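Coordinates in review
In case you want the letters, here they are:
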Amino acid sequence: MMNKSTAGSSKNEQGTGVPVGLDGSLSDPEDDFRLVALAQKGDMRSYDALVTRHRGRIFAMIRNMIHQEADAWDLSQEVFIKAWHALPRFEAKARFSTWLYRIAHNVVYDWTRKRKIESAGELNDEIFERNSIDPSASTAPSGGEAPDESMSHGELRVKIEAAMAKLSEEHREVVLLKDVQGLSYKEIADVMGSSLGTVMSRLFYARQKLQALLKDEYESR
Amino acid sequence: MTHLSRIFFLFAFLAALLPGRMSAQEDPGKGAIGQIAVRVFYATDGDPSLAGDKFKKVSDKTEKLLRSETRLVFKNYLLLGKDVQPLFRSYENWAQPLKPSDEVLVRFEARTLPTPHSTPLDVELWLSRKKILKTDINLVGEKPLFVLGPQWRGGRLIISIALAPKENPDS
Amino acid sequence: MNTNPDEAKLALWLEDELQGEDLASFEAWALTQPEHIAAREEIRAWKKTISSTLPASEEPPFPDFFNSKVLQAISQSAPAAEPVKVAKPAFWKSWLMPASAFAGMALAFWVGTKTHDQPQPQVVHHAPEVEIQPVVYTPDGVVNAVWTAGTGSSVIVLEGVNPIPDSTDFSETAYLDHEREIDSTAGRESVPH
């Protein structure tokens, strides 16, 4: 099994000499372009640095979208694999991160489409219900909250996630991209392949619905 | 009406037609491109009857194949269960060889279209409803992937994942 | 876009997206509109709430392995005709394959297709050179999985996996019922498996 010894990679410098923020913060989009240019010439170390820099945001975005940690892990990988193959077509007209979100958008859409197939086998459908899988069987260590964080914060997260789950995929995505990931309207339009007006109206309806769903919780804060 | 609602009322006319979804069409991804056979063997150096009296010994061919692998050599082998499921072009599928028990589940998906000489798969092995193993394998002909699994009743379970022959998948 | 420029600017201003001169000119007017100011504050409050609740960035589990798998998938997704050697070359080298070796493989393949009494697929002729060690990943940090290329198959040995309770009974396996039906209807010895 291949394994790279990049211990603490999110904190330490990569071989390219570029510091990477622990939270994956994009402190220097211009530096992304520099790494992309190197990667486009086949420099895998530069691409590895890009993956390290952006994997946190992509993983968080996808996980917030689909609520399946194991699948989010797989899909996040798929994003970076697809990004590699599409790298020759990347032009530095928009941020590299925005371009990655676009790929993630497509990957999640394809995954969602796949999940709707009815299996031809004789499996009990309950097997496909992740809730019935042992909840302690997280496929990876949970990144969860520190034990001493207030219960109310955890409860709020549960409520927000539950409310988000009731949105359509497009509405959920636009809220995540705008209010969590902090993208601009124009960037979201590029990611989702929609017009600016469509993005604005989606965000409007999504927030309206969330507001109604969270009314009690929101007004009490 | 809250401030927010009043302000956003102004944008009601901004609502534009949402991009149309893909029109419904036949999905070639649902086509079966092969079949996967998952078997569960009980291997033990002790008394095989501990597994239960309903299980049969494996075939000579299977026994020979198991014994050819150093880590899989045991005195006795029984077949506990088997499941054959289609391999879809673009979708995952599950095998449940010990149905109705879901103690052993195998999830598999084609990574790329198979060739006459290889079938690349992504495979997950779930035991006791937990994902235990994930691997990408390349099935070739009748060569199975064996997984030496958990202990049970003095022996161990061996999970076999292989291409099912097209002519007689139940063989 | 059928959006009045002023309404579009208002939407951008509410989201703190206006900058420079646009911001300066629009702000002067907007600040005279208490409703707009209140709306902008509500949006800011909402964003603060949700962004402090749902993470914008979260390291995926096993981050080193995450990168390894991505890079390995990239190296293996080189043109199909080029095998990846089991030894670990530099990633960029793994994309290259001597033309002579490729020609040799093509010849072996062609020869293989000409023989008809092989029980195994022709890939056996060059399996040792092209067999790729699969990526083996155990999500549970307690379980260890070791892959070995067997003689007639591949073998993964799991160590540290919890045993199945002895009380677990598999006697009701549906497969057995199916086999019994075959036995009873065919009236012959059990089908070998």
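Residues numbered from 1 in each chain as written. Chains lettered and ligands numbered in written order. Predicted model: local features only at pLDDT ≥ 70, side-chain atom pairs only at ≥ 80, totals over all residues.

Below, the discussion takes up the overall build of chain C. When helices and strands are counted, chain C shows seven helices and three strands. When the elements of chain C are put in sequence order from the N terminus, they spell out α-α-α-α-α-α-β-β-β-α. Relative to its full complement of 193 residues, chain C shows a buried share of 22%. A separation of at least 24 residues holds for 21% of the contacts in chain C among residues at least 6 apart in sequence. (Helix = DSSP H or I, 4+ residues; strand = E, 2+ residues; numbered from the N terminus. Buried ≥ 20, exposed ≤ 12 C-beta atoms within 10 Å, placed from the backbone. Contact = placed C-beta atoms within 7 Å.)

Assigned secondary structure in chain B consists of two helices and nine strands. Of the regular secondary structure in chain B, the N- to C-terminal order runs α-β-β-α-β-β-β-β-β-β-β. Taking all 171 residues of chain B together, the buried fraction comes to 48%.

This part covers the nonpolar core. Counting residues in each nonpolar core, the largest one holds 61 residues, and the members touching the most others are M61, I62, V79, L100, A104, I188 and V199 of chain A. Among the elements that take part in this core, helix α2 (residues 44–66) of chain A stands out by supplying ten residues, more than any other. Those residues within four positions of I188 of chain A in sequence are excluded, and the remaining contacts are V174, L177, K178, L183 and V199 of chain A. Core analysis: the second largest hydrophobic core is formed by 57 residues, I36, I132 and L163 of chain B together with A145 of chain C among them. (Core = buried A, V, L, I, M, F, W, Y, C linked by C-beta atoms within 7 Å.)

Here the focus is the packing of α2 of chain A against helix α4 (residues 63–76) of chain C. Packing of α2 of chain A against α4 of chain C leaves a shortest axis separation of 10 Å and a crossing angle of 135°. Classed by the angle they form, the pair α2 of chain A and α4 of chain C counts as oblique. The chirality of how α2 of chain A crosses α4 of chain C is right-handed. On α4 of chain C, the residues that touch M44, D48, V51, T52 and R55 of chain A of α2 of chain A are P63, F66, N67, V70 and L71 of chain C. For the contact of α2 of chain A with α4 of chain C, the class distribution of residues is six nonpolar, two polar and two charged. (Axes fitted to C-alpha atoms, helices over the stretch in contact; angles between N-to-C directions. Parallel < 35°, antiparallel > 145°, perpendicular 65-115°, else oblique. Left-handed = near helix turned anticlockwise from the far one by under 90°. Nonpolar A, V, L, I, M, F, W, Y, C, P; charged D, E, K, R; others polar.)

With respect to topology, seven strands assemble into an open sheet ordered β2(B)-β3(B)-β1(B)-β9(B)-β8(B)-β3(C)-β2(C), the strand pairing being mixed. Looking at the sheet topology across the chains shown, the edges are occupied by β2 (56–57) of chain B together with β2 (144–149) of chain C. Relative to strand β3 (residues 154–159) of chain C, strand β8 (residues 145–152) of chain B runs parallel, the two being bridged by four bridges. When the sheet's bridge partners are listed, L145 of chain B is paired in β3 of chain C with S154 of chain C. (Pairing = 2+ DSSP bridges.)

Let us now look at the confidence of the model for chain B. Looking at chain B as a whole, the pLDDT averages 80, with 78% of positions reaching at least 70. Ignoring residues within four places in sequence, the model shows residues 1–25 of chain B, a span with pLDDT below 50, making 35 contacts including any to other chains. (pLDDT = per-residue confidence, 0-100.)

Let us now look at unusual backbone geometry. The omega angle of the peptide bond from K99 of chain B to P100 of chain B is 10°, so this bond is cis rather than trans. Residue F62 of chain C is not a glycine yet carries a positive backbone phi of 50°. In this fold, F62 of chain C is placed in the loop between α3 (34–53) and α4. Given 19 C-beta atoms within a 10 Å radius, F62 of chain C is considered partly exposed.

What follows concerns the environment of H105 of chain A. Within the element layout of this structure, H105 of chain A appears in helix α4 (residues 96–114). Each residue touching H105 of chain A, except ones within four places of it in the same chain, is listed here: E173, V191 and M192 of chain A.

Residues and elements named next belong to chain C. Averaged over all residues, the pLDDT of chain C equals 70, while 56% of them reach at least 70. Looking across chain C, the model is least confident in helix α6 (residues 127–130), with a mean pLDDT of 38, and most confident in β3, with 92. Taken together, the stretch residues 80–131 has pLDDT below 50 and engages in 40 contacts with residues farther than four places along the chain or on a different chain. Ignoring residues within four places in sequence, the model shows residues 184–193, a span with pLDDT below 50, making eleven contacts including any to other chains. Note on the complex model: pTM 0.49, ipTM 0.81.

Turning our eyes to something else, we now look at the pairing of β2 of chain C. Residue and element names in this part refer to chain C. The pairing of β2 with β3 spans six bridges and is classified as antiparallel. Note on β3: the bridge partner recorded for T148 is V155. Here β2 hands over to β3 after four residues, the two strands then running antiparallel side by side.

The subject of this paragraph is the packing of helix α7 (residues 185–192) of chain A against helix α8 (residues 196–213) of chain A. All names here are of chain A. It is at 9 Å that the axes of α7 and α8 come closest, and there the two elements cross at 100°. One element, α7, and the other, α8, form an angle in the roughly perpendicular class. Contacts between α7 and α8 pair Y185, K186, I188, A189 and M192 from the former with L196, V199 and M200 from the latter. Here the residues of the contact of α7 with α8 are counted per class, giving seven nonpolar, no polar and one charged.

This brings us to the pairing of strand β3 (residues 76–88) of chain B. Residues and elements named next belong to chain B. With ten of 13 residues buried, β3 lies mostly within the body of the structure. Both strand β1 (residues 32–44) and β3 contribute to a ladder of twelve bridges, which runs antiparallel. Considered in β3, the bridge of I36 is made with Q85. Bridge count for β2 against β3 is two bridges, and the pairing is antiparallel. Bridge assignment links K57 to a residue of β3, and that residue is L78.

Let us now look at the environment of L196 of chain A. Residue and element names in this part refer to chain A. Here L196 is to be found in helix α8. When the 20 C-beta atoms within 10 Å are taken as the criterion, L196 is described as buried. Separated by eleven residues in the primary sequence, L196 and Y185 have C-alpha atoms spaced 6.5 Å apart.

Attention now moves to the environment of R202 of chain A. Position of R202 of chain A relative to the elements: it lies in helix α8. R202 of chain A sits 28 residues away from V174 of chain A along the chain, and the two C-alpha atoms are 7.0 Å apart.

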